[in-house]
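Overview (structure and organization)
Listed below are the residues making up each chain.
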There are 2 protein chains.
Amino acid sequence: MNRQELIAQIRLKKSFLCVGLDTEWAKIPAHLMDAEDPVFEFNKAIIDATRDLCVAYKPNLAFYEARGPQGWVSLQKTVDYIGNEHFTIADAKRGDIGNTSRLYAQTFFETYSFDSVTVAPYMGSDSVQPFFDFPNKWVILLALTSNAGSTDFQFGLQDQSTPLFEKVMRQAMTWGTPENLMFVVGATHPEKFADIRKIAPDHFLLVPGVGAQGGDLEALCHYGLNEDIGLLVNASRGIIYAGSGLDFATKAREAAAELQAQMAILLS
Amino acid sequence: MNRQELIAQIRLKKSFLCVGLDTEWAKIPAHLMDAEDPVFEFNKAIIDATRDLCVAYKPNLAFYEARGPQGWVSLQKTVDYIGNEHFTIADAKRGDIGNTSRLYAQTFFETYSFDSVTVAPYMGSDSVQPFFDFPNKWVILLALTSNAGSTDFQFGLQDQSTPLFEKVMRQAMTWGTPENLMFVVGATHPEKFADIRKIAPDHFLLVPGVGAQGGDLEALCHYGLNEDIGLLVNASRGIIYAGSGLDFATKAREAAAELQAQMAILLS
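Let me begin by describing the structure that accompanies this report. (Residues numbered from 1 in each chain as written. Chains lettered and ligands numbered in written order. Predicted model: local features only at pLDDT ≥ 70, side-chain atom pairs only at ≥ 80, totals over all residues. Heavy atoms only, no water.)

Remarks on the packing of aromatic side chains
- Going through the model one piece at a time under the given rule, you end up with 23 aromatic pairs over all chains.
- Ring geometry for F42(B) against F248(B): centres 5.1 Å apart, planes inclined by 10 degrees, an arrangement best described as stacked. One end of the pair, F42(B), is in helix α2 (residues 38-50); the other, F248(B), is in helix α12 (residues 248-267), with 206 residues separating them in the sequence. Judged on exposure class, the residue F42(B) and its partner F248(B) are both buried.
- Connected via pairs of aromatic rings, a cluster forms that spans W72(A), F108(A), Y112(A), F114(A), W72(B), F108(B), Y112(B) and F114(B). (Phe/Tyr/Trp six-rings, centres within 6.5 Å; stacked < 30°, edge-to-face > 60°. Helix = DSSP H or I, 4+ residues; strand = E, 2+ residues; numbered from the N terminus. Buried < 20%, exposed > 50% of the residue type's maximum accessible area, 1.4 Å probe, protein only.)

In structure tokens, the structure reads:
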């Protein structure tokens, strides 16, 4: 999915919601555990319940890898089931030397046909650039993450004045464009969105940390929205585990609808 | 495998060689392609040919993921075949928010029973610490990597004087100990090994970049060896693709033996 198609989907649905499919085995409702593939059955129900309310789905790879080879089968079925009308994000946080990053790119863009993959910047240019060689595919680069440990290195002033996350963004903007590069910026740093929009006025930002991690949607939209919207706000646990019983999909829909309603107001 | 056992293996074999099992589908010799699992057959032959010459094996996950679910089956068979007398490294370069890193740790330490996993530091403390909760398992943290892009961020002076890789090392040494934490330091930066030994005199270093990437074994050993040896030097392509025909395993053994002979001299 390209940038124009993504923006069109957001305007059509009045939503820039991404649903995080962090499907944990221990949290799958009991009545699904007899299915042949409980992970896929759970995802299928969540997707059916939220499809009209969100523009993107983001499976976090850790949850699939932990199930062994079967987890990757569940992942493939999930991506196929999502189809082409939603933007898909492999939240994998990969990054390695050039020839190895190329294989990661092939894995997520070709073997599993995701639109995008999250990439960790620590190893620098040749660990990121191979991902840009795939037409119509996206890199979503970690810049300022949502977790407590984000303060350990990402704020460190490099070369006397520039925080590491800013240096990462500025450097990466010489490798990719607003058509193939987004940044991860956590909702837990709302005060930084004004600075970040000065650095990258046009790039989409993938924003985790709303909900379970405590980020505030209105605060981050105030500075984060740009004229092409420019935000994908992710919620995972707050939606997919809103309920735990027979009605888990209904509860997930209610949680997603609440966020979508807020987004519709913020977009109006 | 704990630190004492690893050191004992190194002294016994007069080798601190790690063989990188970066098994690329396109490079598997033609005569193995009829096997049920060519990746495993290739690895099995390499392991049989090098078992007495090395102390560690390091599959890079990218090469297995790229094969879809079957790749993980090949990986599992490979780890089982290696057995308990070699130190095993899942070269995965993972790292995510706390609850997600915990799942990655479970994946590599429990589902696949590796001794260690490589971890990327960008997301800070809570992205690394969950890996330390598994007894007798190791974190191998990216510090100064071997690739060209390592100069983009890792040398950046944080807080006016400390290069990022040093800050990463110093911080991580408050999370782990020489019993459960190693660092990745690329052989392509031999001039840095003296500094690194001042920062971390006791920790093992996993050193990629000898061979195909151009690092010099003698130069890095001059500063890198400590009284417990403290080095695992990895070679991947230089060993496993030393030959490409029927005799690929023999050629791999020759390449590994050459490195082991150099190591025996450097240890004497």
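Brief notes about the interface of chain B and chain A
- Facing 56 residues of chain B, the contacting portion of chain A comprises 56 residues.
- Across the chain B/chain A interface, buried area totals approximately 4700 Å², and carbon plus sulfur atoms make up 57% of it.
- For the chain B face of the interface with chain A, the top three residues by lost area are Y122(B), M123(B) and F153(B), together amounting to 19%.
- Counting every contact that joins chain B to chain A gives 4 salt bridges.
- In this structure, E65(A) and R94(B) form a salt bridge, with 2.9 Å as the shortest nitrogen-oxygen distance.
- Linking chain B to chain A there are 27 residue pairs in polar contact (both at pLDDT 80 or more).
- Of the residues belonging to the side of chain B that touches chain A, the class tally is 25 nonpolar, 21 polar and 10 charged. (Contact = heavy atoms within 4.5 Å. Buried area = accessible area lost by both parts, 1.4 Å probe. Salt bridge = Lys/Arg side-chain N within 4 Å of Asp/Glu carboxyl O. Polar contact = N/O pair within 3.5 Å; in protein donor to acceptor, adjacent residues only side chain to side chain. Nonpolar A, V, L, I, M, F, W, Y, C, P; charged D, E, K, R; others polar.)

Things to note about the relation of the copies chain B and chain A
- Of the two same-sequence chains, chain B is brought onto chain A (RMSD 0.0 Å, axial shift 0.0 Å) by a rotation of 180 degrees. In symmetry terms, the pair is related by a two-fold rotation axis.
- Same-surface contact between copies: 100% of interface residues of chain B are shared with the interface of chain A. (Least-squares fit on C-alpha atoms with pLDDT ≥ 70 in both.)

Focus: empty space enclosed by the protein
- With the rule as written, the count across this model stands at 2 cavities of 30 Å³ or more.
- Forming the walls of the second largest cavity are A120(A), L142(A), R94(B), G95(B), D96(B), A120(B), P121(B), Y122(B), M123(B) and S127(B).
- Grouping the constituent residues of the lining of the second largest cavity by class yields 6 nonpolar, 2 polar and 2 charged. (1 Å grid on protein atoms, 1.4 Å probe; cavity = no way out; pocket = protein on both sides within 12 Å on 5 of 7 lines; lining within 4 Å. Points joined across faces, edges and corners; volume = space filled by probe spheres on them.)

What to know about the pairing of strand β10 (residues 231-235) of chain A
Residue and element names in this part refer to chain A.
- Judged by how many residues are buried, β10 sits mostly within the fold: 5 of 5 residues are covered.
- Burial of the side chains of β10 extends over both faces: L231, V233 and A235 are buried on one face and L232 and N234 on the other.
- In terms of strand pairing, strand β1 (residues 17-21) meets β10 through 3 bridges, oriented parallel. Note that in β10 the partner of L17 across the bridge is V233.
- In this structure, strand β9 (residues 205-207) lies alongside β10, joined through 3 bridges in parallel fashion. Note that in β10 the partner of L205 across the bridge is L231. (Pairing = 2+ DSSP bridges.)

A closer look at the pairing of strand β3 (residues 87-94) of chain A
Residue and element names in this part refer to chain A.
- By the criterion of burial, β3 is predominantly enclosed, with 8 of the 8 residues buried.
- Burial along β3 is two-sided: the face carrying F87, I89, D91 and K93 and the face carrying T88, A90, A92 and R94 are both buried.
- In this structure, β3 lies alongside strand β4 (residues 116-119), joined through 3 bridges in parallel fashion. Within β4, the residue paired with A90 across the bridge is V117.
- With helix α5 (residues 98-111) bridging β3 and the parallel β4, this β-α-β connection has right-handed handedness. (Right-handed = clockwise from strand over helix to strand, strands pointing away.)

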